[in-house]
Structure formats: C-alpha cells, structure tokens
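Summary of structural features
Listed below are the residues making up each chain.
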Amino acid sequence: MAKIEPRLEFSLDVKSGVPFYKQIIFQVEMAIADGRLGKGAQLPTVRALAVDLSVNPNTVARAYAEMEIRNIVVTQQGSGTFISDKEVSIDGIERERILSQITKEYLTKASSYGFQPDELIAAIKDMGNEVHTQGE
C-alpha cells in the first residue's frame, strides 16, 4: 500500500521561460531531494494536476512520462504515479540559485507596489509561521 504524503504545492512561473513540464519535473526532484516526497509517495493524477495548474493535461503527462523514463517515478496502471526508490539530489549551489531567482522576482514585484524591505520581512515571517503550523 502506498503512503500518501502531505500534498505538494506545485506552482508554475510563466515568466521564467522554462517549459511548464520541466518546472513540474524540477519541483518533484526538489521535493525528493529535500525529503518532502519519499519512496512510494503518490503524485496527483495527470488530470487533477492539470486542473490545479490550469494547464493542458498533455503538459503534465509529458512531465510524468519524462520522470518515468528517468526512473524518478513509476506508474501503476489503475493505481497512479508513485515516487521510485531512485536517489535524487540537488546540490547547494543549484538550491541557492533557485532561491536567489525566486527572491529577486519577489523583491522586484513587491518594490513596484511600494513595499519596504522591513514590511516584506515581517510578511515572510508571518506567512512562514502559518505554513509551518499548517504542516504539523
């Protein structure tokens, strides 16, 4: 019996220039690498994830198919798509690059609305506490 992990929140960045299917793959890889998704964890169905992300189901199917080719996931007909036992790691430099990119985009957008750094820090702390509390 597969264990169902806490729901992984996917998000897509339309401005990044990275194809959506690659963003989905990378988010799954990051979740495996940092322990949010473990062996046997079930991913959402293609249809459910496509609806959540407002994308064509073929986009999600392509991501799942590529992850299956890479042995990151296994699909069991009629049961779903599950994380395999393949080790996935993301090095510190790549994690730092991603965080830097996300932070820069956030700061640029927030400053365009006139928010000051101290307001942003307070908001991040408040939301971080909320997210942490919800995960328990």
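Everything discussed here concerns the structure shown above.
Presented here is a report on the structure given in the accompanying data block. (Residues numbered from 1 in each chain as written. Predicted model: local features only at pLDDT ≥ 70, side-chain atom pairs only at ≥ 80, totals over all residues. Heavy atoms only, no water.)

Under the defined criterion, the tally for this structure stands at zero aromatic pairs. Over the aromatic face of Y21 sits the side chain of R62, whose NZ or CZ is 3.8 Å from the ring centroid. (Phe/Tyr/Trp six-rings, centres within 6.5 Å; stacked < 30°, edge-to-face > 60°. Lys NZ or Arg CZ within 6 Å of the ring centre and 35° of its normal.)

With that out of the way, let us pick up the pattern of salt bridges. Applying the stated rule across the entire model yields three salt bridges. Where E29 meets R70, a salt bridge forms, and the shortest distance between an N and an O atom there is 2.9 Å. Linking E29 in helix 1 (residues 20-33) with R70 in the loop between helix 3 (57-69) and strand 1 (73-76), this pair joins segments that are 41 residues apart in sequence. Classification of E29 as buried rests on a relative accessible area of 13%. As a salt-bridge pair, R36 and D34 come within 3.0 Å of each other at their nearest N and O atoms. Overall, the relative accessible area of 43% leaves R36 in the partly exposed class. The network of salt bridges with common partners includes E29, E66 and R70. (Salt bridge = Lys/Arg side-chain N within 4 Å of Asp/Glu carboxyl O. Helix = DSSP H or I, 4+ residues; strand = E, 2+ residues; numbered from the N terminus. Buried < 20%, exposed > 50% of the residue type's maximum accessible area, 1.4 Å probe, protein only.)

Before going further, it helps to spend a moment on the nonpolar core. If you look at the biggest cluster of nonpolar residues, it comprises 23 residues, and the most contacted ones within it are V28, L37, L43, M67 and I83. Among the elements of the structure, helix 1, helix 2 (46-53) and helix 3 are those that each provide at least two residues to this core. Aside from chain neighbours lying at most four places away, what touches I83 is V28, I32, L37, G38, K39, G40, A41, L43, I72 and V73. (Core = buried A, V, L, I, M, F, W, Y, C linked by side-chain atoms within 4.5 Å. Contact = heavy atoms within 4.5 Å.)

Right, let's talk about helix 2 for a bit. For helix 2, the full list of buried residues reads L49, A50 and L53. In an axial view of helix 2, the angular spread of the buried residues amounts to 100 degrees, which keeps them on one side of the axis. Turned more than 90 degrees away from the buried face of helix 2 sit R47 and V51, all of them exposed. Of the surrounding secondary structure, the elements contacted by the buried residues of helix 2 are helix 1 and helix 3. (Arc of directions from axis to C-beta.)

Moving on, we come to the side chain of Q23. With respect to the element layout, Q23 can be found in helix 1. Given a relative accessible area of 9%, Q23 falls into the buried group. Within the local environment of Q23, its side chain forms a polar contact with the side chain of S16, the two groups lying 3.2 Å apart. The contact partners of Q23, leaving out residues within four places of it in the chain, are S11, L12, D13, S16 and V18. (Polar contact = N/O pair within 3.5 Å; in protein donor to acceptor, adjacent residues only side chain to side chain.)

At a minimum axis distance of 8 Å, the contact between helix 1 and helix 3 shows a crossing angle of 50 degrees. One element, helix 1, and the other, helix 3, form an angle in the oblique class. The interaxial crossing formed by helix 1 with helix 3 has right-handed handedness. Counting all contacts with helix 1, which are made through F20, Y21, I24, I25 and V28, the residues of helix 3 involved are T59, V60, R62, A63, E66 and M67. (Axes fitted to C-alpha atoms, helices over the stretch in contact; angles between N-to-C directions. Parallel < 35°, antiparallel > 145°, perpendicular 65-115°, else oblique. Left-handed = near helix turned anticlockwise from the far one by under 90°.)

The next point concerns the pairing of strand 1. Where a strand is regular, its side chains alternate between the two sheet faces. Bridge count for strand 1 against strand 2 (residues 80-83) is four bridges, and the pairing is antiparallel. Note that in strand 2 the partner of Q76 across the bridge is G80. Hairpin connection between strand 1 and strand 2: a loop of three residues separates the two successive antiparallel strands, and G78 in this loop has a positive phi of roughly 85 degrees. (Pairing = 2+ DSSP bridges.)

Any functional reading would require information that these geometric values do not contain.
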